[in-house]
Amino acid sequence: MVRQVFPRTFTAVRVSSRRALLAALLTLVAFVVAPAGPASADDATVRVMTYNLYQGTDFEELLDATTPAEFVAAVTTTYNNILATDRDARAAAVARIIAREKPDIVGLQEATILRTGSPPPTNVVSDQLQSLLSELDERGEQYRIVGILPGIDAAVPSTLGFFVRHTYRLAIIARDESRGRSPELSNHQIEQFFANLAFPTAVGVPFNNTRGWASVDVEVRDTRFRFVTTHLEAASPAIQLAQAAELLATAGNTALPTIMAADFNTTANDTGNPTFPTYQLLIDAGFKDAWKTKFPTINGFTCCQAPELNNVASALSDRIDLILYRGDVSVESVKVVGASPGDKTSSGLWPSDHAGVVANLRIGRP
């Protein structure tokens, strides 16, 4: 999301001796400002990624229930739908993508835990974040958790004889420092938004869909920047816009170059979409869009596959997973990942209902 190079024009000098003097001066200037060593360009480059892991449901059955009995039955349906999306196999598929792309730091959304049992349920059925890290470890790729933002954590009865507990999380992971080139991390922050959407339920207890952001300040050699991930509200454009404003006033309130890699749920490719004002707010705040910088006329869709993830051809039709940047940052490369049939699980499921986005960004030296 960086543009504009301003050319500089020099006027020719007729006298040959003055040409020689000018050439000598230019040579001296080039010597003074030249990089100290050939490795400096690589030292200022970071590879970042955002990936929504998909929790396996949008909870439509729960929201559509109108009586307590329907709600309990809907819990069973939702639980079975989650199991059908085979979260462990999909974690392995995402791990293959991360191992292939080798990002330095990753923002993850919908990194959830599913548990069952008597209240409070403690039997872990699947932990998407732990499954992903374990799969990466098996591939020789050591990543560590930088920060976790907890979201909604609800335990509800089902018709299966046990309660189902679903815990939402947002996370940042980074290359382990033992790998040598891993960035140095400091100033870890997590914060929940004040503006959140509450969903009414048939049992009289609303689900408060708590969202927020996580950030960390990153140093690669002698360059520093802030990395932020978030997952803005999808169901209410007004609340989404309010969350984006909070994000700019908190995580975005820094003089450091800033990279936001996240599922913003704002349809960046459609100016007529009700969520587009969120995208415009971020752009008006000085952020640039890595994908649009490199590919201004290519869609780069990232959402969404069928909820069951078993659609044969990709159904991606919106671009809501974005890498935005502000400050002395330039885009070397950016691409969508996880949208190829070769990325599917062995049973034919897409790794997520989202595709991921990965970019190489050059951070300017202070």
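Since we're looking at a predicted model, the values are computed, not measured.

Scoring rules and cut-offs
Residues numbered from 1 in each chain as written. Predicted model: local features only at pLDDT ≥ 70, side-chain atom pairs only at ≥ 80, totals over all residues. Heavy atoms only, no water. Helix = DSSP H or I, 4+ residues; strand = E, 2+ residues; numbered from the N terminus. Polar contact = N/O pair within 3.5 Å; in protein donor to acceptor, adjacent residues only side chain to side chain. Contact = heavy atoms within 4.5 Å. Pairing = 2+ DSSP bridges. Buried < 20%, exposed > 50% of the residue type's maximum accessible area, 1.4 Å probe, protein only. Expected span 1.5 Å × (residues − 1). 1 Å grid on protein atoms, 1.4 Å probe; cavity = no way out; pocket = protein on both sides within 12 Å on 5 of 7 lines; lining within 4 Å. Points joined across faces, edges and corners; volume = space filled by probe spheres on them. Nonpolar A, V, L, I, M, F, W, Y, C, P; charged D, E, K, R; others polar.

Quick look at the side chain of Q128
And step 1. Mapped onto the fold, Q128 is located in helix 6 (residues 128-138).
And step 2. There is a polar contact of 3.4 Å between the side chain of Q128 and the side chain of R87.
And step 3. Apart from the residues within four sequence positions on either side, Q128 is in contact with L53, Y54, Q55, R87, R90, A91, E110, A111 and T112.

A look at the sheet that holds strand 7 (residues 184-192)
And step 1. The sheet built from six strands is open, its strands ordered 7-10-11-12-14-13 with mixed pairing. What marks the edges here is a single partner per strand, and that holds for strand 7 and strand 13 (288-289).
And step 2. Pairing of strand 10 (residues 212-220) with strand 11 (residues 223-230), which is carried by eight bridges, proceeds in the antiparallel orientation. Bridge pairing in strand 11 links W213 to T230.

A look at the pairing of strand 1 (residues 45-52)
And step 1. For strand 1, the tally of buried residues reaches eight of eight residues, placing the bulk of the element in the interior.
And step 2. Both faces of strand 1 are covered, namely the face carrying T45, R47, M49 and Y51 and the face carrying V46, V48, T50 and N52.
And step 3. Bridge count between strand 1 and strand 16 (residues 356-363): six bridges; the pairing is antiparallel. Within strand 16, the position partnered with T50 by the bridge is V357.
And step 4. Note: strand 1 against strand 2 (residues 105-109), five bridges, orientation parallel. Note on strand 2: the bridge partner recorded for M49 is V106.

As for helix 5 (residues 87-101)
And step 1. When the terminal C-alpha atoms of helix 5 are compared, their 21 Å separation across 15 residues agrees well with the 21 Å that a helix rising 1.5 Å per residue should span.
And step 2. Looking one or two residues past helix 5, K102 carries a phi angle of roughly 55°, positive in sign.

Here we look at the layout of surface pockets
And step 1. Considering only enclosed or pocket space, the largest pocket measures out at about 940 Å³ in volume.
And step 2. If you trace the largest pocket, you find 44 residues lining it, with Q55, T57, D58, F59 and R211 closest to the centre.
And step 3. Among the secondary structure elements, those contributing two or more residues to the lining of the largest pocket are helix 3 (60-64), helix 4 (68-84), strand 5 (143-157), strand 6 (163-175) and strand 9 (207-209).
And step 4. Here the lining of the largest pocket is composed, by residue class, of 22 nonpolar, 13 polar and nine charged.

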